Amino acid sequence: MSQRWNRLNRNIIHCDQCPRLTEHCQKIATVKRKAYANEDYWGKPVPNFGDPRAQLLLVGLAPGAHGANRTGRIFTGDRSGDWLYQALFTAGFATQPESIDRQDNLELKNCAITNVCHCAPPENKPSRQEILNCQSWATDLIDMLPVRVFLALGQIAWRSVIDYLRDQDLHHGSMPKFSHGATFQLEDGRILLGSYHPSQQNTFTGRLTREMFDEVFVIAKEILHSDTDQPI
């Protein structure tokens, strides 16, 4: 399992399907933000992170230009990641409450994190084609993991999971409505769970509070434990 996981991540890192995104990531890594002027930026596609046997799969949008595109680890180096890893630690899915860089010994337990788009896009808005270019990586990842719960961080991630399921002939109905805390049972028995993305746009305005975010992971744990007595 770990060999497949590592091979998939290596292939993602070396992907060059989207020239616009490749150029943007490299430009950001060269120009840098003043606060990180002395750091070496990652500046390429950001791989998946977490437990290669995870039953909970988190799906985000894309790496932050000066977050994951700088550190090389998904949801690391920005405020969104600060919120996410604190919530994962509180719920027992992470070994520490923060992610500083990809060398900090953080481990996830029964949880993995991916993005709809593995490269940082301009204005945090990947095109439809760029999202489609990344879809094969999602297929390979989901085929590998024993996923029982998909947690979509935001509406684009929610749509991406449903698109994958349709491609795999696992969903035949209309697009289920996204909302924070929404749960949708898939035709194969797995669960799609929705959450607002922990972006500053949501957390600074109070649209997403820590209590709301923590509750989503409580729901995920309850689902995972619903037919097993095994701990995370």
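Heads up: the structure comes first, above all this text.
Keep in mind that this is a model prediction, so the values were computed, not measured.

A.B. asks: Any details on the overall build of the protein? Residues and values, ideally.
C.D. replies: If you tally the helices and strands in the protein, you get eight helices and six strands. When the helices and strands of the protein are read in sequence order from the N terminus, they spell out α-α-β-β-α-α-β-α-β-α-β-β-α-α. Computed over C-alpha atoms, the radius of gyration of the protein comes to 17 Å, within 12% of the 17 Å expected from 2.2 N^0.38 for 232 residues, which places it in the range of a compact globule. Based on the C-alpha atoms only, the size of the protein along its principal axes is roughly 50 × 40 × 35 Å. Every one of the 232 residues in the protein was classed for burial, and the buried ones make up 53%. The contacts of the protein with a sequence gap of at least 6 include a subset with a gap of at least 24, amounting to 69%. Here the protein has roughly 11,400 Å² of accessible surface; of this, 46% comes from carbon and sulfur atoms. One finds the centroid of the 25 positive side-chain charges in the protein at a distance of 5 Å from the centroid of its 26 negative side-chain charges.

A.B. asks: Which residues make up the side chain of Asn-202, and what values go with them?
C.D. replies: Mapped onto the secondary structure, Asn-202 falls in helix 7 (residues 200-203). Owing to a relative accessible area of 8%, Asn-202 belongs among the buried residues under this scheme. Within the local environment of Asn-202, its side chain forms a polar contact with the backbone oxygen of His-197, the two atoms lying 2.8 Å apart. For Asn-202, the contacting residues outside a window of four places in its chain are Tyr-196, His-197, Arg-207 and Leu-208.

A.B. asks: Tell me about helix 8 (residues 210-224), residues and numbers included.
C.D. replies: In this model, helix 8 (15 residues) spans 21 Å end to end at C-alpha, consistent with the 21 Å of a helix rising 1.5 Å per residue. On its buried face, helix 8 is in contact with strand 2 (56-60), helix 4 (79-91), strand 4 (149-153), strand 5 (183-185) and strand 6 (191-195).

A.B. asks: Account for empty space enclosed by the protein, naming residues and giving values.
C.D. replies: Evaluated as defined, the whole model comprises two cavities of 30 Å³ or more. Around the largest cavity sit 15 residues that line it, and Val-59, Val-116, Ala-138, Ile-142 and Ser-160 are the ones nearest its centre. Mapped onto the lining of the largest cavity, the elements with two or more residues apiece are strand 2, strand 3 (111-115), helix 5 (128-144) and helix 6 (155-167). If you tally residues by element for the lining of the largest cavity, the top one is helix 5, at six residues.

A.B. asks: Describe in detail helix 6, supporting the description with residues and values.
C.D. replies: In a regular helix each residue adds 1.5 Å, so 13 residues correspond to 18 Å; helix 6 covers 18 Å between its end C-alpha atoms and thus fits that length. Those residues of helix 6 lying buried are Ala-157, Trp-158, Ser-160, Val-161, Ile-162, Asp-163, Tyr-164 and Leu-165. Structurally, helix 6 contributes buried residues whose contacts are with strand 2, helix 5, strand 4, strand 5 and strand 6. Just downstream of helix 6, Asp-169 is the residue with a positive phi angle, here 60°.

A.B. asks: Mind laying out the pairing of strand 6, listing which residues take part and the relevant values?
C.D. replies: Most of strand 6 sits inside the fold, with five of its five residues counted as buried. Taking every second residue as pointing to the same face, both faces of strand 6 are buried, with Ile-191, Leu-193 and Ser-195 on one and Leu-192 and Gly-194 on the other. As judged from the five bridges shared by strand 4 and strand 6, these two strands associate in the parallel manner. The partner of Phe-150 across the bridge, within strand 6, is Leu-192. Direction of pairing for strand 5 relative to strand 6: antiparallel, over a ladder of three bridges. Looking at strand 6, one finds that Gln-185 is bridged to Ile-191. Counting the residues in the hairpin turn of strand 5 and strand 6 gives five residues, including Gly-189, whose phi is positive at 95°.

A.B. asks: Residues and numbers for the nonpolar core, please.
C.D. replies: Nonpolar side chains in soluble globular proteins generally cluster together in the buried interior. Leu-58, Leu-88 and Phe-217 are the most contacted members of the largest nonpolar core, which has 64 residues in total. Ranked by the residues each element gives to this core, the list is headed by helix 8, at seven residues. Setting aside residues up to four positions removed in sequence, Leu-58 forms contacts with Leu-84, Leu-88, Cys-111, Ala-112, Ile-113, Thr-114, Leu-151, Leu-153 and Phe-217. Core analysis: the next-biggest nonpolar cluster, separate from the first, contains eight residues, Cys-18, Cys-25, Ala-62 and Cys-119 among them.

A.B. asks: Mind laying out unusual backbone geometry, listing which residues take part and the relevant values?
C.D. replies: Negative phi characterises most residues that are not glycine, and trans characterises most peptide bonds. The backbone of Phe-75 sits at a positive phi, close to 55°, despite the residue not being glycine. Within the fold, Phe-75 resides in the loop between helix 3 (68-71) and helix 4. A relative accessible area of 8% places Phe-75 in the buried class. Positioned with a positive phi, Glu-123 is a non-glycine residue whose angle comes to about 55°. By secondary structure assignment, the location of Glu-123 is in the loop between strand 3 and helix 5.

Parameters at a glance
Each residue is numbered by its place in its chain's sequence as written, counting from 1. Predicted model: local features are reported for residues with pLDDT of at least 70 only, side-chain atom pairs are reported and counted for 80 or more only, and whole-chain, interface and lining totals are derived from all residues. Computation of side-chain values: all heavy atoms of the structure, hydrogens and water removed. Per the convention used, a helix needs a DSSP run of H or I reaching at least four residues, while a strand needs a run of E reaching at least two, with both numbered from the N terminus. Note that the radius of gyration is over C-alpha atoms, with the globule rule given as 2.2 Å times the number of residues to the power 0.38. For each residue, the accessible area found with a 1.4 Å probe, counting protein chains only, is set against the maximum for its type, and the residue is called buried under 20%, exposed over 50%, and partly exposed in between. Should any heavy atoms of two residues lie within 4.5 Å, those residues are counted as being in contact. To measure how exposed things are, a 1.4 Å probe is used in the Shrake-Rupley method; for residues, cover is taken only from the protein chains shown. Under this rule, positive means Lys or Arg and negative means Asp or Glu; His and the chain ends count for nothing. For charged residues, the charge sits on one atom: NZ in Lys, CZ in Arg, CG in Asp, CD in Glu. Pairing of N or O atoms within 3.5 Å defines a polar contact, subject to two protein rules: one partner must be a possible hydrogen donor and the other a possible acceptor, and residues neighboring in sequence count only if both atoms are side-chain atoms. Helix span, as expected, comes to 1.5 Å for every residue beyond the first. Buried and open spaces are told apart on a 1 Å grid over the protein atoms alone, a cavity being a set of points where a 1.4 Å probe fits but cannot get out and a pocket being an open set with protein on both sides within 12 Å along at least five of seven lines. Residues with an atom within 4 Å of a point are the lining residues. Grid points are joined across faces, edges and corners, and a volume is the space filled by probe spheres set on the points. When DSSP finds two or more bridges between a pair of strands, those strands are recorded as paired. Remark: nonpolar core denotes a set of buried residues (Ala, Val, Leu, Ile, Met, Phe, Trp, Tyr, Cys) joined through side-chain atoms within 4.5 Å.

The values reported here are purely geometric and, on their own, carry no functional implication.
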